[in-house]
Amino acid sequence: MNFYVISLFPEMIEQACSCGVLGRAIKHGLIRVHCINPRDFAQDRHRTVDDRPYGGGPGMLMKWQPLAAAIDAAKQQASAMAKVIYMSPQGKLLNQQSVRQVADAAPDLILIAGRYEGIDERLVEQLIDEEWSIGDYVLSGGELAAMVVIDAVARLCPGVLGDEQSAQQDSFMQGLLDCPHYTRPEEIHGYTVPAVLLSGDHKAIAQWRLQQALGRTWLRRPELIEALKKATGTAAPESTAHNVGWDDNKEKLLTEFIQANKNGSR
Ligand code: 4FV
């Protein structure tokens, strides 16, 4: 999968792509990240990429010409199915399911990282396929948002995560928050590891982890539990984990958790 990031600060992307899972995936050619700087396409001697907004108001906007030329250059390199995505607070809010759909479709992605107050709207109308948002807050640039997309999608690309299983157990893969995790030492300031995790009984461990994930989700994100219950019976996206949706086992585990939670012995 190829990611083309259109950015005035390619060094931000290159740095973030040089570390950890992403750095390894790029080194092994499992994904490729290309940066294209609109300033390299500016035609005036000051290489201007921004201008004042019509109608007045604070700040500047990214101009049509350098950005359109940069998008065109990316399209020359990318596959014909490439999607042009503008990262902006006005976009569709990303979640694990939309990330999963992108990773499955694996189109090349051309990610526009805006700066200033944004970009000329005619770029959005004429050259952008979709607008995506990473959250309801305003960043000073789209680079971090583009990196969030690259990181989240890359984790689901074949071979990027050492153990495929770990992607499946990621939070939200089953529409639930993740369960608590523990590692050595067994005791820290009197705080010990839940005994079931030391039992070697993998069925009991899987049930405990699922119950904890259900309980946390019920406590912290109850709307996700409702979404799971609603999703039941609807065709789970073929690619998601095998036990998506709601079932009697989850119902029993959550009921027990809520009971225990009531009498304070979680
Ligand atoms: C953003 C977001 C975001 C808006 C103006 C860049 C900034 C500046 N992108 N999800 N939230 N973008 O805040 O994606 O140009």
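A brief structural summary. (Residues numbered from 1 in each chain as written. Predicted model: local features only at pLDDT ≥ 70, side-chain atom pairs only at ≥ 80, totals over all residues. Heavy atoms only, no water.)

### Observations regarding the overall build of the protein
1) Next: Scanning the protein from N- to C-terminus turns up 10 helices and 9 strands.
2) Next: When the backbone C-alpha atoms are referred to their principal axes, the protein occupies close to 70 × 45 × 40 Å.
3) Next: A separation of at least 24 residues holds for 76% of the contacts in the protein among residues at least 6 apart in sequence.
4) Next: Of the roughly 15100 Å² of accessible surface on the protein, a fraction of 53% belongs to carbon and sulfur atoms. (Helix = DSSP H or I, 4+ residues; strand = E, 2+ residues; numbered from the N terminus. Contact = heavy atoms within 4.5 Å. Areas by Shrake-Rupley, 256 points an atom, 1.4 Å probe, with all protein chains shown as cover.)

### Examining the site of the ligand
1) Next: Within the structure, the ligand sits among 17 residues, and Y116, I134, G135, Y137 and L139 are positioned closest to it.
2) Next: Take S88: an N or O atom from its main chain is 3.4 Å from an oxygen atom of the ligand.
3) Next: Here a nitrogen atom of the ligand sits 2.9 Å away from a polar atom, N or O, in the main chain of Y137.
4) Next: With the chains in place, 96% of the 370 Å² that the ligand exposes on its own is no longer accessible.
5) Next: If you list the elements that add at least two residues to the shell around the ligand, you get β5 (83–93) and β7 (130–133). (Near = heavy atom within 4 Å. Polar contact = N/O pair within 3.5 Å; in protein donor to acceptor, adjacent residues only side chain to side chain.)

Without other data, these values stay purely geometric and don't point to any function.
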